[in-house]
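Close look at the chain arrangement
Chain residues, written in single-letter form:
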Number of protein chains: 2
Amino acid sequence: MADGRLRVVILGGGFAGLEVANALAKAPVDVTLIDRQNHHCFQPLLYQVATAALTPADIAWPIRWVLSGQANARVLMAEVDGVDLESREVRTGGGRFAYDILVVATGATHAYFGHDDWAAAAPGLKRIEDATDIRRRLLLAFERAELLEDEAERRALTTFVVVGGGPTGVEMAGSIADVARNALPDDFRKVDPAQARVLLIEAGSRLLPVFPERLSAYAERALTRMGVEVLTGVAVTGVDVRGVTTANGRIEAGAVIWAAGVQASPAAAWLGASHDRAGRVEVGPDLTLPGRPEIFVVGDTASVRDGDRPVPGVAPAAKQMGQYAGRVIAARARGAPTPGAFAYKHQGDLATVGRKAAIVKLGRLELTGFVGWLFWGVVHVYFLIGLRNRIAVAFSWLWDYVTFGRRSRLITQAPAGPG
Amino acid sequence: MADGRLRVVILGGGFAGLEVANALAKAPVDVTLIDRQNHHCFQPLLYQVATAALTPADIAWPIRWVLSGQANARVLMAEVDGVDLESREVRTGGGRFAYDILVVATGATHAYFGHDDWAAAAPGLKRIEDATDIRRRLLLAFERAELLEDEAERRALTTFVVVGGGPTGVEMAGSIADVARNALPDDFRKVDPAQARVLLIEAGSRLLPVFPERLSAYAERALTRMGVEVLTGVAVTGVDVRGVTTANGRIEAGAVIWAAGVQASPAAAWLGASHDRAGRVEVGPDLTLPGRPEIFVVGDTASVRDGDRPVPGVAPAAKQMGQYAGRVIAARARGAPTPGAFAYKHQGDLATVGRKAAIVKLGRLELTGFVGWLFWGVVHVYFLIGLRNRIAVAFSWLWDYVTFGRRSRLITQAPAGPG
């Protein structure tokens, strides 16, 4: 504790980590936020980068820019190797950092249910690089198809499979269908992108199980109207670069996108802590590690209960946990009474299906269709950080809505062409 | 010649290749444009992507989108392996394509004067990937420096060397100094980006030798005022990941950028043609290969004379050659008389130095300073393809000018952090 000020080290600059830092802006503490990326990524819109509607800089900001005005905070870009609980130090590739209070907010990544070999063939969607990787695969599939003479091969290459019927899967499937039908058709001569097949495969009995059945049914109808083939109750048993195998048979595809499972970051291993099946660290009612009041775990890395249900892995939950942890730490630093146990306030559920279609559930309010879509758009633009990005994103959406265009159709970091 | 229509195959979707296709829009020919990238890149603004002022989608467009309205043109993404002159076919990774007329417009890349091992340590600036690579190196150098305790090491990491005093080198050096002094300072705690060293090293006796001496001297003064150390008459004798060695001694650096040499694409080898020292194919007065009237070579790949001087490797020259070749081909397809020999019309020289400073030479008109900068900005926004990108680029520039910001400061595809 240099100068008597608490040293707070935050691991991760996602929604949860940034909220912790913000909540400590006026507290008598020294904040060090460490992330392996230099940018915060607005994950709820990542699927729009993957489908070329937005460009990475529209939804990502340098973390140090976000915190540049906060005098008690510094930002470091480094990969965390582990935590020394006894000496209270974080070990990173860029050195060791001592803490009085540690906040772990390192998020989650995709999980392939024990089939890690599927990862290379079916990327998930968590980071900017994932989004540009998926964008490259989608666009390259059309490019390769345009070079082929064989109709069946062309058909296979322009088939896209999304595995997992949660919000990300629904958004990806709807957005791929939208690009194929509305943005690409004029650009190709041999391939007809409007004929591309988009399949959404969900092992459970319906899409979007967190929503009421009526809204799930609406989403399925809206997707079907957009040309997506929705397969529920179908388990995927194999994934490779040429397609997927399901209980019902084989589907050849030009790209497979994984939206089926989530696995917490390796924080439980760093902390030697108990965790649930998805790797989330089990924390006490104040979000600290049992027996370690100096270690908080927040966001998608934490396993927290909301009554008899788990707190969901969504941005508002991560933000609430971050704010709470920040308030507890600020109170401790000031010697003030700390707030009671963390209580999750569920604000509602939103999912967009495509152009002019989204579903919204806020308490008793249920919206669908164009009204839901407008509501969804306003909420997401509102939560984007920074005036400039709000203008840029609003402008991109408005433009695409009017022109049916997708401007960010760049294939970068690609092996040069097919062959 | 299917259906009696000439099959025109264009290799390369840069300025020259696109102009050929445009000039053939109404000609009775079938155009196939082949590029290994899916996008046309507006190279004159690439340095702004490298320094985080613009985002890749601001200056690059899918080639097939550019040509989507041209019914007689198709676009294929494939890597060219070679040309069979006798059977008149192009060999690519995506198949063989027969031509009646071939236009080679595959551009140029960097040249390291026989030191190809310097390439990994000192990237040049020709493609979008080069720009994001340089952006990553510049930003990572500051990130790594922020993790260090040793002042001398920090100083070395925040030293940037640009090799080559032509327009690209001048623009890069000015733009790096601008980012370091104006965009970054609030974001760092240990490093003071305003103290970053930027060196511009030129082996010749002055910067920008194509301009009159008065304008070269102005550019050097403007750079010096911005904090760039200009070293003329200094040869670089070694380049590695930790810096450069010059005739005057060693300079440790956090990033080295190469802007010193250009080498034409391997077209001469494909065609078995004679070429100049930079690999440019020697063509006749109508830009065809001697003895091969069915093969045109245009843009940076061609060695063309303008009186006693070579035609420079700039965008307007590439466009003029492309337009000319397109007109000759259209005339042949219609059986009309073909135009006389290609004549290059030099429109002038422009180079920007930094915020509010550029030099312009148009005939007898010479502009410097803010007026030159405004002129430069208007010309470049005007030449960007498509209304939308003009709005986006103009908006980005205006915003940055007002806020001193650089929004696109993303490190992507990076090895995760230092260490």
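Predicted model, so just to flag it, every value in this text is computed and none were measured.

Some words on the overall build of chain A
The number of helices and strands found in chain A is 11 helices and 27 strands. In terms of overall dimensions, chain A has a C-alpha envelope of 70 × 50 × 45 Å along the principal axes. Taking all 419 residues of chain A together, the buried fraction comes to 54%. Nonlocal contacts in chain A, meaning residues at least 24 apart in sequence, comprise 64% of its contacts between residues at least 6 apart.

Thoughts on the environment of Asp192 of chain B
Within the secondary structure, Asp192 of chain B sits in the loop between helix H6 (167–183) and strand E12 (197–202). Sequence separation of Asp192 of chain B and Phe142 of chain B is 50 residues, and the distance between their C-alpha atoms is 9.3 Å.

Observations regarding the relation of the copies chain A and chain B
The transformation that overlays chain A on chain B combines an axial shift of 0.0 Å with a rotation of 180°, and the residual RMSD is 0.0 Å. Within this description, the copies of the chain are treated as partners about a two-fold rotation axis. A share of 100% of the interface residues of chain A reappears at the interface of chain B, consistent with the copies meeting face to face through the same patch.

Quick notes on the environment of Val66 of chain A
Residues and elements named next belong to chain A. Relative to the assigned elements, Val66 resides in helix H3 (residues 63–66). According to the C-beta neighbour criterion, Val66 is buried, with 21 such atoms within 10 Å. A C-alpha to C-alpha distance of 41 Å links Val66 and Leu157, two positions 91 residues apart in sequence. Not counting the four nearest positions on each side in its chain, Val66 is found in contact with Leu18, His40, Trp61 and Ile385.

Concerning the environment of Phe160 of chain B
Residues and elements named next belong to chain B. Note on placement: Phe160 falls in strand E11 (residues 159–163). Sequence separation of Phe160 and Ala253 is 93 residues, and the distance between their C-alpha atoms is 5.5 Å. Excluding residues that lie within four positions of it along the chain, Phe160 makes contacts with Leu138, Ile176, Ala196, Arg197, Val198, Ala253, Gly254 and Ala255.

What to know about the sheet that holds strand E27 (residues 365–367) of chain B
Residues and elements named next belong to chain B. If you trace the 3 strands from one edge of the open sheet to the other, you get E25-E26-E27, paired in antiparallel fashion. Where the open sheet ends on each side, the last strands, each with one partner, are strand E25 (349–354) and E27. Within the sheet, the average angular offset between the axes of one strand and its neighbour, ignoring direction, is 5°. Relative to strand E26 (residues 357–362), E25 is paired through 5 bridges, and the arrangement is antiparallel. Within E26, the position partnered with Asp349 by the bridge is Lys361.

Here's the deal with the interface of chain A and chain B
Of the residues lining the interface, 43 residues belong to chain A; the matching set on chain B comes to 43 residues. Of all the elements in the fold, those that place two or more residues in the side of chain A that touches chain B are strand E4 (60–62), H3, strand E5 (73–77), helix H4 (128–146) and helix H11 (387–403) of chain A. Partitioned by chemical class, the residues of the side of chain A that touches chain B number 17 nonpolar, 13 polar and 13 charged.

Regarding helix H7 (residues 213–225) of chain A
Residue and element names in this part refer to chain A. Between its terminal C-alpha atoms H7 stretches 18 Å, which fits the 18 Å expected from 13 residues at 1.5 Å a residue. Residues Leu215, Ser216, Tyr218, Ala219, Glu220, Ala222 and Leu223 constitute the buried set of H7. Elements in contact with the buried residues of H7: helix H6 (167–183), strand E12 (197–202), strand E13 (228–232), strand E25 (349–354), strand E26 (357–362) and strand E27 (365–367).

A few points about the sheet that holds strand E1 (residues 6–11) of chain A
Sheet strands pair via backbone hydrogen bonds, and the direction of the pair is either parallel or antiparallel. All names here are of chain A. Pairing is mixed in the open sheet, where 6 strands are placed in the order E5-E2-E1-E9-E21-E20. Bordering the open sheet on either side are E5 and strand E20 (288–289), each of which pairs with just one other strand. Here 3 bridges tie strand E9 (residues 101–104) to strand E21 (residues 292–297), and the two strands are oriented parallel to one another. Bridged to Val103 within E21 is Phe296.

Brief notes about the packing of helix H1 (residues 15–23) of chain B against helix H9 (residues 315–334) of chain B
Residues and elements named next belong to chain B. Here H1 crosses H9 at 30°, and the two axes come no closer than 7 Å. The orientation of H1 relative to H9 falls into the category roughly parallel. Considering only the axes of H1 and H9, their crossing is right-handed. Residues Phe15, Ala16, Gly17, Leu18, Glu19, Val20, Asn22 and Ala23 of H1 form the contact with H9, whose participating residues are Ala315, Ala318, Lys319, Met321, Gly322, Gln323, Ala325, Gly326, Arg327 and Ala330. Taken together, the residues of the contact of H1 with H9 break down into 10 nonpolar, 5 polar and 3 charged.

A look at the domain arrangement of chain A
Residue and element names in this part refer to chain A. Taken domain by domain, chain A comprises domain 1 (2–110 + 262–334) and domain 2 (116–260). The gap between the C-alpha centroids of domain 1 and domain 2 is 32 Å. Secondary-structure elements contributing two or more residues to the side of domain 1 that touches domain 2 are helix H2 (46–50) and strand E10 (108–110). In terms of residues, the side of domain 1 that touches domain 2 owes the most to one element, H2, which gives 5 residues.

Points about unusual backbone geometry
If a residue is not glycine, its phi is most likely negative; likewise, a peptide bond is most likely trans. One non-glycine residue, Ala52 of chain A, adopts positive backbone phi at about 70°. Along the polypeptide, Ala52 of chain A turns up in the loop between H2 and E4. Its identity as a non-glycine residue notwithstanding, Arg88 of chain B has a phi of 55°, on the positive side. Of note, Arg88 of chain B is situated in the loop between strand E6 (80–84) and strand E7 (89–92). Since 17 C-beta atoms lie within 10 Å of it, Arg88 of chain B is described here as partly exposed.

Quick notes on the pairing of strand E16 (residues 249–252) of chain B
Residue and element names in this part refer to chain B. In the sheet, strand E15 (residues 243–246) pairs with E16 via 4 bridges, with the strands oriented antiparallel. Within E16, the position partnered with Val244 by the bridge is Ile251. Between E15 and E16, which follow one another and run antiparallel, lie 2 residues.

Some remarks on the nonpolar core
The biggest cluster of nonpolar side chains holds 294 residues, and the ones touching the most others in it are Val103 and Val298 of chain A together with Val103 and Val298 of chain B. With residues near it in sequence (within four places) discarded, Val103 of chain A still touches Val8, Ile10, Leu11, Gly17, Val20, Phe296, Val298 and Ala325 of chain A.

Regarding helix H7 (residues 213–225) of chain B
Where H7 of chain B is buried, its residues meet H6, E12, strand E13 (228–232), E25, E26 and E27 of chain B. Where H7 of chain B ends, the next residue or the one after it, Gly227 of chain B, has phi of about 100°, a positive value.

Considering the confidence of the model for chain A
Residue and element names in this part refer to chain A. Mean pLDDT for chain A: 91, with 95% of residues reaching 70 or above. Predicted confidence is poor over residues 415–419, with pLDDT under 50, and the contacts of this stretch with residues over four places away or in other chains come to 19 contacts. The ipTM value of the predicted complex is 0.89, and its pTM value is 0.91.

Things to note about the pairing of E26 of chain B
Residues and elements named next belong to chain B. A large share of E26 lies buried, amounting to 5 of its 6 residues. The antiparallel hairpin formed by E25 and E26 contains 2 residues in its connecting segment, where Lys356 sits at a positive phi of about 65°. Connecting E26 to the next strand, E27, in antiparallel fashion are 2 residues, including Gly363 with a positive phi near 60°.

What counts and how
- Here the residue index of a chain counts from 1 through its sequence in written order.
- Naming scheme: in the order in which they are written, chains are lettered from A and ligands are numbered from 1.
- Residues qualify for local features only when their pLDDT is at least 70, as the model is predicted, and side-chain atom pairs are given and counted only at 80 or more; totals for whole chains, interfaces and linings, by contrast, use all residues.
- Secondary structure counts use DSSP, requiring at least four H or I residues in a row for a helix and at least two E residues in a row for a strand, with both numbered from the N terminus.
- Any residue surrounded by 20 or more other C-beta atoms within 10 Å of its C-beta is treated as buried, while 12 or fewer makes it exposed and the intermediate range makes it partly exposed; C-beta atoms here are placed from the backbone.
- In this description, a residue-residue contact is defined by the distance between C-beta atoms placed from the backbone, which must lie within 7 Å.
- Overlaid copies result from least-squares superposition on C-alpha atoms, with residues included only where pLDDT is at least 70 in both.
- We call two strands paired when DSSP finds no fewer than two bridges between them.
- A fitted line through C-alpha atoms serves as each axis, taken over the contacting stretch for helices, and the angle formed by two N-to-C directions is quoted from 0 to 180°.
- Only Asp, Glu, Lys and Arg are considered charged, only Ala, Val, Leu, Ile, Met, Phe, Trp, Tyr, Cys and Pro nonpolar, and every remaining residue, Gly among them, polar.
- To estimate how far a helix should extend, the number of its residues minus one is multiplied by 1.5 Å.
- Here the word oblique covers every angle except those under 35 degrees (roughly parallel), over 145 (roughly antiparallel) and from 65 to 115 (roughly perpendicular).
- Left-handed describes a crossing in which the near helix is turned anticlockwise from the far one by less than a right angle; the clockwise case is right-handed.
- Where each domain begins and ends follows an automated or database-derived domain assignment.
- Joining buried Ala, Val, Leu, Ile, Met, Phe, Trp, Tyr and Cys residues through C-beta atoms within 7 Å gives a set, and that set is a nonpolar core.
- Looking at any residue, its pLDDT shows the predictor's confidence there, from 0 to 100.

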